Amino acid sequence: MEEKNLKISIAHLYPKLLNLYGDLGNIITLTKRCQWRGIEVEFEQINIGDKIKNHDLYFIGGGQDKQQEEVAEELYSNREEFLAQRDDGAVFLGICGGYQLFGHYYKPHDKDQLKGISLMDAYTVAGKKRFIGNVTVETDFLSPKTLVGFENHSGLTYIQGDTKPLGNVVVGNGNNSKDGFEGGRFKNVFGTYLHGSLLPKNPHFADYLISLALEKRYGEKIKLSNLDDFIEVQTHNSLINKPY
Ligand code: GLN
């Protein structure tokens, strides 16, 4: 199937509350990498109170505990819809605070536990230390294998059951600085602590997510054409194994 005649629908979940450290750059990257290939993008910003419509890809960024509280309630009230979308093959990408709410719960330091929507079998508890710095991750499903970004979180996330990590931490702390894992993935749900924003400097992961979303929409694998990623790849490679 020719990529030029294709369409993809992308939803940005609660950007007025969860959009820390330029996480919007992930939406811009996904949109541009589709449009540069002639793939039409239908985009919807979903805010508090909005109905959750069908989309091929849902993105949610990071935020402070306070903003997470507000979004957690809204996410939980729509959890059945999100779980149905997950089981229908929709792609989800959650960054940090958004990622934490993909699990069963997030327990902040001095506040009641926030319910997650259980898109993946994981949970998060606030740690005593804030992890801040660059992260390099080695995955087993991307080519090149590496993902780079930076982390700023006190939450400690533990993945379990069928949830796989996004990859192994080479530099940085990742999920909890103990098990060596960074991020989580289950079905087409991906969560990570990598801000940066993540996708502009990891174009291979952006294309991986776009391919999954197109496969969900059209029911077949669609090979994406190559783009001139000289600058993106230079940036990516310059950050590999760099702690700061
Ligand atoms: N408030 C959460 C934490 O500190 C998430 C922070 C973020 O999204 N960067 O772990």
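Residues numbered from 1 in each chain as written. Predicted model: local features only at pLDDT ≥ 70, side-chain atom pairs only at ≥ 80, totals over all residues. Heavy atoms only, no water.

Colleague: Whenever I open this one, the site of the ligand confuses me. Can you help?
Modeller: Near the ligand lie 17 residues; those nearest to it are D65, Q68, C96, R130 and G155. Separating an oxygen atom of the ligand from a backbone N or O atom of G97 is a distance of 3.0 Å. Separating an oxygen atom of the ligand from a backbone N or O atom of G155 is a distance of 2.9 Å. Taking 300 Å² as the accessible area of the ligand by itself, protein coverage stands at 99%. Going through the elements one at a time, α2 (65-77), α4 (97-100) and β8 (146-159) are the ones with two or more residues in the shell around the ligand. With four residues, β8 is the largest single contributor of residues to the shell around the ligand. The class makeup of the residues in the shell around the ligand is four nonpolar, 11 polar and two charged. (Near = heavy atom within 4 Å. Polar contact = N/O pair within 3.5 Å; in protein donor to acceptor, adjacent residues only side chain to side chain. Areas by Shrake-Rupley, 256 points an atom, 1.4 Å probe, with all protein chains shown as cover. Helix = DSSP H or I, 4+ residues; strand = E, 2+ residues; numbered from the N terminus. Nonpolar A, V, L, I, M, F, W, Y, C, P; charged D, E, K, R; others polar.)

Colleague: I'm lost on empty space enclosed by the protein in this one. Help?
Modeller: The gaps of empty space that remain are located by a probe, the size of a water molecule, rolled over the atoms. Inspection of every chain in the model, using the stated rule, returns one cavity of 30 Å³ or more. Of the voids in this model, the largest cavity is the one considered here, and its volume is about 30 Å³. Every residue along the wall of the largest cavity is listed here: Y99, Q100, F102, G103, M120, A122, T124 and T157. Class assignment for the residues of the lining of the largest cavity results in four nonpolar, four polar and no charged. (1 Å grid on protein atoms, 1.4 Å probe; cavity = no way out; pocket = protein on both sides within 12 Å on 5 of 7 lines; lining within 4 Å. Points joined across faces, edges and corners; volume = space filled by probe spheres on them.)

Colleague: In this structure, what is going on with the packing of helix α1 (residues 24-35) against helix α5 (residues 203-218)? I would like to understand it.
Modeller: In a pair of packed helices, the angle between the axes and the distance between the axes together describe the arrangement. For the pair α1 and α5, interaxial distance at closest approach is 10 Å and the crossing angle is 70 degrees. When the axes of α1 and α5 are compared, the pair comes out roughly perpendicular. Every residue of α5 that contacts α1 at T29, L30, R33 and C34 is listed here: P203, A206, D207, L209 and I210. Of the residues belonging to the contact of α1 with α5, the class tally is six nonpolar, one polar and two charged. (Axes fitted to C-alpha atoms, helices over the stretch in contact; angles between N-to-C directions. Parallel < 35°, antiparallel > 145°, perpendicular 65-115°, else oblique. Contact = heavy atoms within 4.5 Å.)

Colleague: Can you walk me through the pairing of strand β3 (residues 57-60) in this structure?
Modeller: Regular strands place side chains that alternate from one sheet face to the opposite one. Of the two faces of β3, both are covered, the one formed by L57 and F59 as well as the one formed by Y58 and I60. Direction of pairing for strand β1 (residues 7-13) relative to β3: parallel, over a ladder of four bridges. Bridge pairing in β3 places A11 opposite Y58. For β3 and strand β4 (residues 91-95), the ladder comprises four bridges, and the chain directions are parallel. If you follow F59 over to β4, its bridge partner there is L93. (Buried < 20%, exposed > 50% of the residue type's maximum accessible area, 1.4 Å probe, protein only. Pairing = 2+ DSSP bridges.)

Colleague: Would you take a moment to explain unusual backbone geometry for this structure?
Modeller: What is expected of a backbone is that most residues other than glycine have negative phi and most peptide bonds are trans. Of the consecutive residues S143 and P144, the connecting peptide bond is found in the cis state with omega at 0 degrees. Residue S197 follows G196 across a cis peptide bond; omega there is 0 degrees. Take S197: it is sitting in the loop between β12 (189-192) and α5. The phi dihedral of S118 falls on the positive side, at around 55 degrees, and the residue is not glycine.

The values reported here are purely geometric and, on their own, carry no functional implication.
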